Amino acid sequence: MTSQHKHSWQDIFTGAQMLFVAFGALVLVPLLTKLNPNVALFTAGVGTLLFQLTTKGKVPVFLASSFAFIAPISFGVAQWGIPATLGGLVAAGFVFMFFAFLVKINGSHVIDRILPPVVTGPIIMVIGLSLAPVAVGMAMGKDIKVPVENYKLIIISMVSLLTTLIVAIWAKGFLKLLPIISGIVVGYILSCLFGIVDFQPVINAPWFKVPDFTFPEFHWQAILYMIPIVIAPTIEHVGDIMAIGSVTGKDYTRDPGLQRTLLGDGLATSAAGLFGGPPCITYAEVIGAVTLTRNFKTRVMTWAAVWAILMSFIGKIGAFLSSIPTVVMGGIMVLLFGSIASVGINILVKHKVDLSVPRNMCIVSLVLVFGIGGMIFDFGSYTLQGISLCGILAIVLNLILPHQVKSTNSH
């Protein structure tokens with residue numbers, strides 16, 4: 001048993017490897033939402049350590065931001081600014097904690113009751129599909145300031161996309177876990193060849209720099225907007241905890257319990273918002289790494305968290321990440337946002353949601369059209385739209401529409 005608790009050099013390096021797997025997606029969210037990548041590294045590390053404390057160090061996962069938060073954070077930053085959006089994210093963490101409380105008093109089935117597949121499937125589809133114009137705009141290089149021919153921008157984004165696809169489908173072993181990083185590396189090299197990368201900020205950046213923490217401000221509009229967003233990541237969380245459990249052969253929904261894992265996500269998300277980072281939740285990419293390496297030690301994730309915190313103080317890392325042209329990200333986003341929508345479709349298919357049943361068809365139809373069409377409920381000082389509107393609409397419809405209408409021939 002003593003070797004079980006001993007931190008070996010191998011664990012330290014495996015932790016760095018785990019962080020490397022998560023790195024592509026981990027830094028993608030802050031870069032796309034105008035948050036600071038160094039702060040995101042710091043909060044991912046702190047969030048993971050908080051999660052481990054809450055779950056008694058029993059679940060081998062690394063926490064970082066879900067792609068479900070990209071659209072709402074971007075909208076929040078444009079609408080209310082970064083500090084107010086961070087205040088909304090702090091509040092979002094409390095929603096995770098509320099779900100944890102519900103699970104504690106009612107059991108894990110309460111999540112299925114509030115958020116059945118007919119609710120979560122179309123919401124996750126909207127998250128992916130509503131981002132499609134953003135991804136396509138980025139892939140076409142619409143926000144590139146450097147004068148460069150359009151065909152070069154399309155070449156960069158499509159080669160980045162193609163690299164990500166090839167690695168995700170045909171790569172073997174550890175490389176298969178790095179499709180995003182592979183796409184970024186190839187796209188970055190191409191961008192350098194086409195002369196659209198500015199290295200000056202990287203050269204000017206100091207080696208050691210305390211991350212540029214941003215502290216939240218609390219505005220009720222931003223808070224009310226952000227709260228319903230937590231629906232999709234909650235479902236993602238339950239799926240991730242079950243997936244890691246099936247890999248390690250343990251039932252984490254019982255020990256330490258779903259209420260503890262949800263509480264861990266909530267504390268990590270609120271802590272991230274307090275410092276200026278994107279929400280921290282359980283993370284599918286690292287579960288893939290755990291599956292491949294068969295490394296089930298939680299202390300490896302502890303080391304991944306320590307590495308993330310240490311790297312957050314290297315100023316040149318943030319400057320380098322910020323130098324990646326958005327056109328590179330755009331190519332990869334096309335696949336990522338499409339894959340989010342596919343997850344939503346898969347939920348409906350896997351749970352055999354019958355869309356010939358009128359209530360199911362009404363819920364899915366209205367959520368998709370409201371979400372993709374851009375429906376806005378304007379209450380003067382507060383507007384309800386996007387994923388927030390879809391989340392509330394789906395839950396309300398699911399609760400009020402009758403469950404089974406038997407068709408009869410009588411009039």
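All of these numbers come straight from a predicted model, not from anything done at the bench.

**Remarks on the packing of aromatic side chains**
Here's step 1: Within the structure shown, the criterion is met by 13 aromatic pairs.
Here's step 2: Judged by centre distance (4.9 Å) and plane angle (40°), the rings of F75 and Y225 are tilted. Of this pair, F75 sits in helix α4 (residues 70-80) while Y225 sits in helix α12 (residues 220-226), and the two are 150 residues apart along the sequence.
Here's step 3: Judged by its relative accessible area of 4%, Y225 falls in the buried class.
Here's step 4: Ring centres 6.0 Å apart and planes at 70° place the aromatic pair F370 and F377 in the edge-to-face group.
Here's step 5: Owing to a relative accessible area of 32%, F377 belongs among the partly exposed residues under this scheme.
Here's step 6: These aromatic residues form a ring-pair network of at least three members: F42, F208, F213, F275 and F313.
Here's step 7: Between the NZ or CZ atom of K316 and the centre of the ring of W207, over which it lies, the distance is 5.4 Å.

**Points about the environment of G137**
Here's step 1: Note that G137 resides in helix α8 (residues 132-139).
Here's step 2: On the basis of relative accessibility, which here comes to 15%, the residue G137 falls in the buried class.
Here's step 3: For the pair formed by G137 and T326, sequence separation is 189 residues and the distance between their alpha carbons is 9.8 Å.

**Observations regarding the pattern of salt bridges**
Here's step 1: All told, the structure shown has 6 salt bridges when counted by the stated rule.
Here's step 2: E149 is the partner of K152 in a salt bridge, and the nearest nitrogen-oxygen pair spans 3.5 Å.
Here's step 3: A relative accessible area of 40% means that E149 is categorised as partly exposed.
Here's step 4: Across the pair D251 and R254 runs a salt bridge whose closest N-O atoms are separated by 3.3 Å.

**Describing the confidence of the model for the protein chain**
Here's step 1: Averaged over every residue, the pLDDT of the protein chain is 85; residues scoring 70 or more account for 93%.
Here's step 2: Helix α3 (residues 37-54) holds the highest mean pLDDT among the elements of the protein chain, 94, whereas helix α1 (residues 2-5) holds the lowest, 44.

**A closer look at the packing of helix α19 (residues 358-373) against helix α20 (residues 386-400)**
The relative placement of two packed helices is expressed as an angle between their axes plus a distance between the axes.
Here's step 1: Relative orientation of the contacting elements α19 and α20 amounts to 165°, with a least axis distance of 9 Å. With respect to each other, α19 and α20 are oriented roughly antiparallel. α19 and α20 meet at a crossing whose hand is right-handed. Side by side, α19 and α20 meet where R359, C362, I363, L366, V367, F370 and G371 of the first sit next to L389, C390, L393, A394, L397 and N398 of the second.
Here's step 2: The class makeup of the residues in the contact of α19 with α20 is 10 nonpolar, 2 polar and 1 charged.

**Points about α19**
Here's step 1: Helix length check: α19 (16 residues) gives 21 Å between terminal C-alpha atoms against 22 Å at 1.5 Å per residue, within 8%.
Here's step 2: Buried residues along α19 sit against α7 (117-130), β1 (376-378) and α20.
Here's step 3: Backbone geometry just downstream of α19 places G374 in the positive-phi region, at approximately 85°.

**Some thoughts on unusual backbone geometry**
Here's step 1: Here the amide bond leading from D255 into P256 is cis, since omega sits at 15°, within 30 degrees of zero.
Here's step 2: A positive phi angle, near 60°, is found at K56, a position not held by glycine.
Here's step 3: In this structure, K56 sits in the loop between α3 and α4.
Here's step 4: One non-glycine residue, K352, lies in positive phi territory at about 50°.

Conventions used here
Residues numbered from 1 in each chain as written. Predicted model: local features only at pLDDT ≥ 70, side-chain atom pairs only at ≥ 80, totals over all residues. Heavy atoms only, no water. Phe/Tyr/Trp six-rings, centres within 6.5 Å; stacked < 30°, edge-to-face > 60°. Helix = DSSP H or I, 4+ residues; strand = E, 2+ residues; numbered from the N terminus. Buried < 20%, exposed > 50% of the residue type's maximum accessible area, 1.4 Å probe, protein only. Lys NZ or Arg CZ within 6 Å of the ring centre and 35° of its normal. Salt bridge = Lys/Arg side-chain N within 4 Å of Asp/Glu carboxyl O. pLDDT = per-residue confidence, 0-100. Axes fitted to C-alpha atoms, helices over the stretch in contact; angles between N-to-C directions. Parallel < 35°, antiparallel > 145°, perpendicular 65-115°, else oblique. Left-handed = near helix turned anticlockwise from the far one by under 90°. Contact = heavy atoms within 4.5 Å. Nonpolar A, V, L, I, M, F, W, Y, C, P; charged D, E, K, R; others polar. Expected span 1.5 Å × (residues − 1).

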